[in-house]
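Coordinates in review
Below, each chain spelled out in residue letters.
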Amino acid sequence: MTQAAQPAFGAIIIGDELLSGRREDKHLAKVLELLKARGLRLASVRYVGDERPRLVQTLKESFASGDIVFSFGGIGATPDDHTRQAAAEALGLPLALHPEAEAEIRARFGDETTPQRLQMGVYPEGSEIIPNPYNRIPGFSIRNHFFVPGFPIMAWPMVEWVLDTHFKHLQHQADYVERSVIVWDAMEGKLIDLMERITLEFPDATLFSLPSVGGESGRRHIELGMKGPTARVDEAMALITAEIERRGYSWELPAEG
């Protein structure tokens, strides 16, 4: 599969508690980790609160994108959980109790199964379940969107299961790398001409520049790099390092490199 044919991955992270600061999001960092480990990368992320009209609009746009999207949160049965209903509304589909989800919920709760608990298995018609190894309450998927709980202990194994069950064929297929160097005591304004030259000479790769003003916590520097096909990135980075040496700057690889 060529890089151009590689589907895009996205994330929607839902919850008023994240937008108010009552809780700190941990999903984004984990999604990046899980994708990177499989040679995949994230194209977009959106945060949205538990407001159904806004959530419906977000999901409409996301379904229309054609991306593969993981949605975190809001699939419980309490009144402030709107994700299941919003997904159905966004697709113009009715909600229905999924038979496999019902079986899982009944197996989990036995005689303590209630109508309220069964609501957690009500999804847009045509959905498939996502197994939950923690407590057997499934998530669901429809139209390449994968809806998991907001709890990391449940959500993250479910995302891994989706990636390794449905998208194994995409893993480590794209010819894509990111490489960079730390250029010490440099200012972006002094290197713009170099960046423009590299951008023109390597249209099939992408240049990035991440400046730091230094201060008490460190020394002024720029992380200058390229991302794209391996051979082209390596060629561009060779030109970049040669030119910054010619201009009298010292450089080194980033700590993680």
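To keep things clear, this report deals only with the structure shown in the data block.

About the criteria used
Residues numbered from 1 in each chain as written. Predicted model: local features only at pLDDT ≥ 70, side-chain atom pairs only at ≥ 80, totals over all residues. Heavy atoms only, no water. Buried < 20%, exposed > 50% of the residue type's maximum accessible area, 1.4 Å probe, protein only. Helix = DSSP H or I, 4+ residues; strand = E, 2+ residues; numbered from the N terminus. Pairing = 2+ DSSP bridges. Axes fitted to C-alpha atoms, helices over the stretch in contact; angles between N-to-C directions. Parallel < 35°, antiparallel > 145°, perpendicular 65-115°, else oblique. Left-handed = near helix turned anticlockwise from the far one by under 90°. Contact = heavy atoms within 4.5 Å. Nonpolar A, V, L, I, M, F, W, Y, C, P; charged D, E, K, R; others polar. Patch = residues over 30% accessible without salt bridge, like charges linked within 9 Å, V, L, I, M, F, W, Y side chains within 5 Å. Areas by Shrake-Rupley, 256 points an atom, 1.4 Å probe, with all protein chains shown as cover. Salt bridge = Lys/Arg side-chain N within 4 Å of Asp/Glu carboxyl O. Core = buried A, V, L, I, M, F, W, Y, C linked by side-chain atoms within 4.5 Å.

With that settled, consider the pairing of strand β3 (residues 68-72). Of all the five residues making up β3, five are buried; the element is thus mostly covered by neighbouring parts of the structure. Neither face of β3 is left uncovered, since the one carrying Ile-68, Phe-70 and Phe-72 and the one carrying Val-69 and Ser-71 both have all their residues buried. Judged from the five bridges that link them, strand β1 (residues 9-14) and β3 form a sheet pairing that is parallel. Looking across to β3, one finds that Ile-12 is bridged to Ser-71. When β3 meets strand β8 (residues 145-148), the two strands line up parallel, connected through four bridges. Among the inter-strand pairings, Ser-71 is bridged to a residue of β8, identified as Phe-147.

What follows deals with the packing of helix α2 (residues 27-36) against helix α7 (residues 152-166). Contact geometry for α2 and α7: axes closest at 11 Å, N-to-C directions at 25°. One finds that α2 runs roughly parallel with respect to α7. Where α2 crosses over α7, the handedness of that crossing is right-handed. Where α2 approaches α7, its residues His-27, Lys-30, Leu-34 and Leu-35 are matched on the opposing element by Pro-152, Ala-155, Trp-156, Val-159, Glu-160 and Leu-163. Here the residues of the contact of α2 with α7 sort into seven nonpolar, one polar and two charged.

Where nonpolar side chains cluster on the molecular surface, the patch consists of Leu-19, Val-45 and Tyr-47 and spans about 260 Å² of accessible area. Here Val-45 shows up in strand β2 (residues 42-48). Residue class for Val-45 comes out partly exposed when judged on its relative accessible area of 32%.

Right, let's get into the nonpolar core. Among soluble globular proteins, nonpolar side chains are generally buried collectively. In terms of nonpolar packing, the biggest core is built from 22 residues, with Phe-9, Phe-70, Phe-72 and Leu-163 touching the most fellow members. In this structure Phe-9 touches Leu-35, Leu-40, Arg-41, Leu-42, Ala-43, Ser-44, Ile-68, Phe-70, Leu-163, Phe-167 and Leu-170, once residues within four positions along its chain are discounted.

What follows is about the sheet that holds β1. In space, the six strands of this open sheet follow the order β2-β1-β3-β8-β7-β6, with mixed pairing throughout. Strand pairing shows two members of the sheet lacking a second neighbour, β2 and β6 (128-130), which therefore form its edges. Direction aside, the axes of adjacent strands within the sheet are offset by 20° on average. Bridge count between β1 and β2: six bridges; the pairing is parallel. Note that in β2 the partner of Ile-14 across the bridge is Val-48. Contacting β1, β2, β3, β7 (139-142) and β8, helix α3 (residues 52-65) crosses the sheet at an angle of about 165° to β2. Of the strands in this sheet, β1, β3, β7 and β8 touch helix α4 (residues 83-91), which is tilted by about 10° from β7.

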